[in-house]
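Geometric and topological summary
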Amino acid sequence: MYKRTDDKITTSQAAIFLTNTVLGAGILTMPRSVTQELKTPDAWLTILLGGMIIMPVILLMVKLCQHFPGQTVFQYAGRLIGRLPGQIVGVALVLYFIIIAGFEIRSLAEVTLFFLLEGTPIWAIVLPFVWTGTYLVSGGINSIARVFQVIFPISIFVLLVSYGVSLRLFDFNNLRPVLGEGIYPVLRGLKSSVLVYSGCEVILTLVAFMQQPRQAVRGMLAGIGIPLGLYFVTVVVVIGGLSIDSAVTSTWPTLDLVRSFEITGFFIERLEFPLMVIWLMQMFCNFSSFFFQASLGVSQLFNLSYQRVIYALVPLIFLSAMIPKSVQDLFALGDAIGMMSIALFLLLPVTLTIVWLIRVKGLKQHV
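Criteria and thresholds
- Residues numbered from 1 in each chain as written.
- Predicted model: local features only at pLDDT ≥ 70, side-chain atom pairs only at ≥ 80, totals over all residues.
- Heavy atoms only, no water.
- Disulfide = S-S within 2.5 Å.
- Buried < 20%, exposed > 50% of the residue type's maximum accessible area, 1.4 Å probe, protein only.
- Salt bridge = Lys/Arg side-chain N within 4 Å of Asp/Glu carboxyl O.
- Helix = DSSP H or I, 4+ residues; strand = E, 2+ residues; numbered from the N terminus.
- 1 Å grid on protein atoms, 1.4 Å probe; cavity = no way out; pocket = protein on both sides within 12 Å on 5 of 7 lines; lining within 4 Å.
- Points joined across faces, edges and corners; volume = space filled by probe spheres on them.
- Nonpolar A, V, L, I, M, F, W, Y, C, P; charged D, E, K, R; others polar.
- Expected span 1.5 Å × (residues − 1).
- Contact = heavy atoms within 4.5 Å.
- Axes fitted to C-alpha atoms, helices over the stretch in contact; angles between N-to-C directions.
- Parallel < 35°, antiparallel > 145°, perpendicular 65-115°, else oblique.
- Left-handed = near helix turned anticlockwise from the far one by under 90°.
- pLDDT = per-residue confidence, 0-100.
- Arc of directions from axis to C-beta.
- Patch = residues over 30% accessible without salt bridge, like charges linked within 9 Å, V, L, I, M, F, W, Y side chains within 5 Å.
- Areas by Shrake-Rupley, 256 points an atom, 1.4 Å probe, with all protein chains shown as cover.
- Phe/Tyr/Trp six-rings, centres within 6.5 Å; stacked < 30°, edge-to-face > 60°.

**Quick notes on the state of the cysteines**
Tallied over the full model, the rule gives zero disulfides. Of the cysteine sulfurs around Cys65, a residue in no disulfide, the closest is that of Cys200, at 13 Å. Cys200 supplies the cysteine sulfur nearest to Cys285, a cysteine that is in no disulfide, at a spacing of 16 Å. We classify Cys285 as buried; its relative accessible area is 0%.

Here you go:
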């Protein structure tokens, strides 16, 4: 079983851990998925509104975890709702983490295949990343967090430089009119905007590993605030540079924006290749986080060796990554994961909190 006392992370590491879990393939596809729902230039508004909805739920998750110091949701769920229902919830979370880990590593492989290694069998790209992730996850959460700390500033720097250079294509008219069709399209797009925050469920385990859990609120809000800001900037820059019509029809709109210009005389004339390479590392971080969550869950639910669980999950994650037969199937899987995320992300912490409040109130009245 995973020993929590052997592995602690700082508040800043926890914030970066959450950021790297949320940021993944979504940054490359999100402008398309959101604008497809809205069909108006107001995608940036729905991203901000989705972020405002997410914040209170994150606070609720953190407060719930703080009432069970040193325990993850896999451990305290059984104390709240009973052993069997708690195990069912835990197994559902593990399955979700396995599926989303497979989705992320397959997305990484599709980007690699499309832009870098055309004609390579997809399994030949997936396997090396899965085994590398296995090595990283076997070191525990502290090792993962330290790798995230190295990759995070590099990936954000390259992304922002790419956006900054792409401003030569930016046209404010592509973002107008604001609310031209009223508020309804913005509300209609909320489902897609909430889906881009898939991965916040890791808060239910992350707080237990913090050296200073009292600072969890600040750390987790910072951890989700960074993706919120980057998603907002991404939507504005991509739609402003490509227009809605191009963003909707593009498979990877963010990369297509960066591919649409050259920097003559610069050391690197085309920025899509450094952006791709760096963002593949970011997607690998995303995958590793979910791999760790799934391994942790199985280990704690069934009191098994953490190291053995990691190797047992490798074939399951590989099969999960290979299920989609095409990019369209992959995106359909992403939509399904988003719906599962809403159920787990919104319903689970709210339900557990209500049960906890009822039990605490009952105990006080009994006393």
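From this point, the narrative continues.
**Things to note about the pattern of salt bridges**
Here the structure, examined in full by the defined rule, presents one salt bridge. Of the charged contacts, one joins Glu110 and Arg106 as a salt bridge, the two residues approaching to 2.9 Å between their closest N and O atoms. Highlighted residues: Glu110 and Arg106, both in helix α5 (residues 83–115), separated by four residues, approximately one helical turn. You'll find Glu110 and Arg106 in the same group, each marked buried.

**Overview of the layout of surface pockets**
Each pocket or cavity is described by its volume, and for the largest pocket that value is around 600 Å³. Those elements that place two or more of their residues in the lining of the largest pocket are α1 (11–22), α2 (26–38), α5, α9 (190–195) and α16 (327–366). Among the elements that take part in the lining of the largest pocket, α2 stands out by supplying seven residues, more than any other. Looking at side-chain class alone, the lining of the largest pocket contains twelve nonpolar, twelve polar and five charged residues.

**Digging into unusual backbone geometry**
Even without glycine at this site, Asn303 takes up a positive phi of about 55 degrees. Within the fold, Asn303 resides in the loop between α14 (272–302) and α15 (306–322). For Asn303, a relative accessible area of 56% gives the class exposed.

**Here we look at α2**
Every α-helical turn comprises 3.6 residues, leaving residues that sit three or four positions apart pointing alike. Between its first and last C-alpha atoms α2 spans 17 Å; for 13 residues at 1.5 Å apiece the expected length is 18 Å, and the two agree. Among the residues making up α2, those that are buried are Ile27, Leu28, Thr29, Met30, Pro31, Arg32, Val34, Thr35 and Leu38. Lys39, located one to two residues past α2, shows a positive phi value of around 60 degrees.

**As for the environment of Val130**
Residue position: Val130 is located in helix α6 (residues 122–137). Val130 sits in the buried class, given a relative accessible area of 1%. Through-space distance from the C-alpha of Val130 to that of Gly102 is 9.2 Å; in sequence the pair is 28 residues apart. Every residue in contact with Val130, bar those within four places of it in the chain, is listed here: Ile105, Phe287, Phe291 and Val314.

**Structural notes on the environment of Thr19**
As for its position among the elements, Thr19 is in helix α1. It is 19 Å that separates the C-alpha atoms of Thr19 and Tyr96, two residues lying 77 residues apart in sequence. Residue contacts for Thr19: discarding those within four places in its chain leaves Phe152, Ala222, Gly223, Ile226 and Pro227.

**A look at the packing of α6 against α14**
The contact between α6 and α14 brings their axes to 10 Å, and the two run at 60 degrees. Considering the angle they form, α6 stands oblique to α14. Considering the relative orientation of α6 and α14, their crossing is right-handed. Between α6, through Phe129, Val130, Thr132, Gly133, Thr134, Leu136 and Val137, and α14, the contact on the second element is made entirely by Phe284, Phe287, Ser288, Phe291, Phe292 and Ser295. Classifying every residue of the contact of α6 with α14 by side-chain character gives eight nonpolar, five polar and no charged.

**Focus on the confidence of the model for the chain**
In the predicted model, the chain carries a mean pLDDT of 82, and the fraction of residues at 70 or more is 92%. In this model residues 363–367 is a low-confidence stretch, pLDDT under 50, and it forms zero contacts with partners more than four residues away in sequence or in other chains.

**A few points about the packing of α5 against α14**
Two elements in contact, α5 and α14, have axes separated by 9 Å at closest approach and are oriented at 160 degrees. Considering their axes alone, α5 and α14 lie roughly antiparallel with respect to each other. Classified by chirality, the crossing of α14 by α5 is left-handed. Taken together, the residues of the contact of α5 with α14 break down into 22 nonpolar, seven polar and one charged.

**Description of α6**
With 16 residues, α6 ought to run about 22 Å at 1.5 Å a step, and its terminal C-alpha atoms sit 23 Å apart, in line with that. Where α6 is concerned, the buried positions are Ile122, Ile125, Val126, Val130, Gly133, Thr134, Leu136 and Val137. Buried residues along α6 cover an arc of 165 degrees about the axis, so they all sit on one side.

**Let's talk about a nonpolar patch on the surface**
There is a patch of nonpolar side chains on the surface, built from Val91, Leu95, Phe302 and Leu304 and spanning about 340 Å² of accessible area. You can see Leu304 is positioned in the loop between α14 and α15.

**Comments concerning the packing of aromatic side chains**
For the structure on display, the rule yields 13 aromatic pairs. Here the aromatic rings of Phe17 and Phe148 are separated by 5.1 Å at their centres, their planes lie at 40 degrees, and the arrangement is tilted. In this pair, Phe17 is assigned in helix α1 and Phe148 in helix α7 (residues 141–166), connecting sequence segments 131 residues apart. Both residues of the pair, Phe17 and Phe148, belong to the buried class. Seen in terms of ring centroids, Phe292 and Tyr306 are 6.2 Å apart; in terms of plane orientation they differ by 70 degrees. Their pairing is edge-to-face. Here the residue Phe292 occupies a position in helix α14, and Tyr306 occupies one in helix α15, the gap between them amounting to 14 residues.

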